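# Descriptive analysis of the structure
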Amino acid sequence: MNRYRDIIGRINYGLFLAFVALLPFPQIFIRYACVLWFVFWVLEGRWLSRSLPVRENRIVIPVVLFGLWYGWKAVSGLWAPDHAVWSGQMERYLTFALMIPVGIWGVNKRYDWRTAGKVLIVSCIAAVPFYPALLAYLWHHPETAYALEPNQPWHYEITEWWPFFQENVSFMKHRLFLCSVELFGLICAFVLYRKRVLLFLPAAAVMLSTVPLTGSRQSILTAAAIVVIVLIYALPERLRLRYGIAVILIGLVGAAGMLSLHPRMADFSLHNLTQITDVSVRKPEPRLNIWGLALENPSDYMAVGLGAGQSTPYLIAKYKATGFDDFAQMRYNAHNQYLEELMEGGIPGLVLLILAWLAVPICAQGEGKMTAIPFFVLYTLNMLTDCMFGRFCGIALWAVGLLFILLQSHAESEE
């Protein structure tokens, strides 16, 4: 019996490393790898032999809070108008519930966050040339694109390479989620190699190159924030307070400068932002129209929410009623995780999500805190303009990031 358990344990850990390695690549591969990892993790059943009492390790608090958040979504099925959509959302969010036993009882002793972090770093570096190379091939052989993604509108009329890349990379992996994985790889590289500058700086430069390459506006802001955190951590502890504020100000000015040069930032004009609830005028930035329609009748959902998965159908009905037929056809979601949660879970759901998310950096220990703070910033900022849990790759990255923090914090508590 022990022999078979050992074999399953090896497969379990191997699948986890494969899952981590696939994070920067198209979502379809990640989904299969994640499901296989969880299946073998459950088959192994090794958590019973490595129990960590809750009272001795506070890092379990975030996973329990995320479990309560998932539970509130389950309860929302009582008033959700579309139970098929509700069940689909519950299936997509199942990872939040499955992480509870992972957080409390841990994983088998083969799990080493350092090894997994190195795998992720190598994978992130490999992904940087992968997408340009693949899209360059598709640029010259457009007929193969339809076999790869038959339902996607590939835009081959674009004659310049860089705009072509920025337009089409999201059909393989959404640019924000690709940049998010690369920035998490940067976080791992800093935690692992912060004292080996000759290793860290080249790796960081390669991973950061994804941000201007994809043209993701939100990722420019997020990358600037993470670089600021890395620089503050790199300062000697006695100098952090003295120079930390200067680093933050320089980071803000740099991010503002880069965003001001972005051609699509004009869509986020101050006038359009102040008139966001005026849905009679179509604004050039789709998100502003979406947010305006979502906020038009907040009393519809503020108390207990519409139910898990119900925000997009609610918005589609508004798109059709307001004449945004193209938005309805594209089935645009809220493009803001906080707004989507307010719509689906009401104030109770939003409060649970914020508490669970705040608990991640607060409860992390040792090197886990060094990972948790920039990881917290990564998702906190990105959730402003996209539903980070609206795509499986966003949930997958969250699971890996949280597991890294759990493993680091468990190691700290055992020393």
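Residues numbered from 1 in each chain as written. Predicted model: local features only at pLDDT ≥ 70, side-chain atom pairs only at ≥ 80, totals over all residues. Heavy atoms only, no water.

## Section: the overall build of the chain
Within the chain one finds 20 helices and zero strands. The burial tally for the chain puts 53% of its 415 residues in the buried class. (Helix = DSSP H or I, 4+ residues; strand = E, 2+ residues; numbered from the N terminus. Buried < 20%, exposed > 50% of the residue type's maximum accessible area, 1.4 Å probe, protein only.)

## Digging into a nonpolar patch on the surface
On the surface, V75, L78, W79 and V304 cluster together into a nonpolar patch covering about 360 Å² of accessible area. Position of W79 among the secondary structure elements: in the loop between α3 (60-75) and α4 (83-92). (Patch = residues over 30% accessible without salt bridge, like charges linked within 9 Å, V, L, I, M, F, W, Y side chains within 5 Å. Areas by Shrake-Rupley, 256 points an atom, 1.4 Å probe, with all protein chains shown as cover. Salt bridge = Lys/Arg side-chain N within 4 Å of Asp/Glu carboxyl O.)

## Some details on the confidence of the model for the chain
This prediction gives the chain a mean pLDDT of 84; 87% of its residues lie at or above 70. Element-level pLDDT for the chain is lowest in helix α7 (residues 143-148), with a mean of 53, against a maximum mean of 96 in helix α18 (residues 337-363). In the predicted structure, residues 51-55 sits below a pLDDT of 50 and forms seven contacts with residues beyond four places in sequence or in another chain. (pLDDT = per-residue confidence, 0-100. Contact = heavy atoms within 4.5 Å.)

## Some words on the pattern of salt bridges
Here the structure, examined in full by the defined rule, presents nine salt bridges. Linking R194 and E367 is a salt bridge whose minimum nitrogen-to-oxygen distance equals 3.6 Å. Taken together, the residues R194 in the loop between α9 (175-193) and α10 (197-208) and E367 in helix α19 (residues 367-382) connect sequence positions 173 residues apart. Put simply, R217, E285, R287 and D386 are held in one network by salt bridges that share partners.

## A closer look at the packing of aromatic side chains
All told, the structure shown has 30 aromatic pairs when counted by the stated rule. Centroid distance W357 to F376: 5.8 Å. Interplanar angle 25°. Geometry classified as stacked. Here W357, found in helix α18, pairs with F376, found in helix α19; they are 19 residues apart in sequence, far enough to count as distant. Exposure class is identical for W357 and F376. Each is buried. Taken together, the ring pairs in this structure connect F66, W69, Y93, F96, F184, W357, F375, F376, Y379, F389, W398 and F404 into an aromatic cluster. (Phe/Tyr/Trp six-rings, centres within 6.5 Å; stacked < 30°, edge-to-face > 60°.)

## Remarks on the packing of helix α12 (residues 217-234) against α19
Two numbers describe how α12 lies on α19: the axes approach to 9 Å, and their chain directions differ by 160°. As far as their axial angle goes, α19 and α12 are roughly antiparallel. Note that α12 runs across α19; the crossing there is right-handed. Each of Q218, L221, T222, A225, I226, I229 and Y233 in α12 lies in contact with α19, whose residues at this interface are K369, M370, I373, P374, V377, L378, L381 and N382. Here the contact of α12 with α19 is composed, by residue class, of eleven nonpolar, three polar and one charged. (Axes fitted to C-alpha atoms, helices over the stretch in contact; angles between N-to-C directions. Parallel < 35°, antiparallel > 145°, perpendicular 65-115°, else oblique. Left-handed = near helix turned anticlockwise from the far one by under 90°. Nonpolar A, V, L, I, M, F, W, Y, C, P; charged D, E, K, R; others polar.)

## Looking at the nonpolar core
In this structure, F16, F19, F184, Y379, F389 and W398 are the most contacted members of the largest nonpolar core, which totals 117 residues. Those residues in contact with W398, other than ones at most four positions away along the chain, are F66, T95, F96, M99, W357, F375, Y379 and F389. Core analysis: the second largest hydrophobic core is formed by ten residues, F25, A127, Y131 and V169 among them. (Core = buried A, V, L, I, M, F, W, Y, C linked by side-chain atoms within 4.5 Å.)

## What about α9?
Between the first and last C-alpha of α9 there are 26 Å, a value that for 19 residues agrees with the 27 Å anticipated at 1.5 Å per step. With 19 of 19 residues buried, α9 is to be regarded as a mostly interior element. (Expected span 1.5 Å × (residues − 1).)

## A few points about unusual backbone geometry
The phi angle at R331 is positive, at roughly 55°, despite the residue not being glycine. Its location among the elements puts R331 in the loop between α17 (325-330) and α18. Phi is positive for H335, close to 55°, though the residue is something other than glycine. Within the secondary structure, H335 sits in the loop between α17 and α18. Overall, the relative accessible area of 13% leaves H335 in the buried class.

## Focus on α3
A turn of α-helix holds 3.6 residues, and therefore any two residues three or four places apart point the same way. The end-to-end C-alpha distance of α3, which contains 16 residues, comes to 23 Å, matching closely the 22 Å that a straight helix rising 1.5 Å per residue would cover. Within α3, the full set of buried residues consists of V60, P62, V63, L65, F66, G67, W69, Y70, W72 and K73.

## Some remarks on the environment of A308
Locating A308 in the fold gives a position in the loop between α15 (286-294) and α16 (311-322). Contacts of A308, omitting those with residues within four sequence positions, involve K73, S76, V85, W86, Q89, M90 and E344.

## Some words on the environment of L134
Relative to the helices and strands, L134 is located in helix α6 (residues 113-140). Distance in space between the C-alpha atoms of L134 and F165 is 10.0 Å, their sequence separation being 31 residues.

## Topic: the side chain of S216
Positionally, S216 belongs in the loop between α11 (210-214) and α12. Assessed through its relative accessible area of 4%, S216 is described here as buried. A distance of 2.8 Å separates the side chain of S216 from the side chain of S219, its partner in a polar contact. Contact partners of S216, with chain neighbours within four places excluded, come to R175, L176, C179 and V211. (Polar contact = N/O pair within 3.5 Å; in protein donor to acceptor, adjacent residues only side chain to side chain.)

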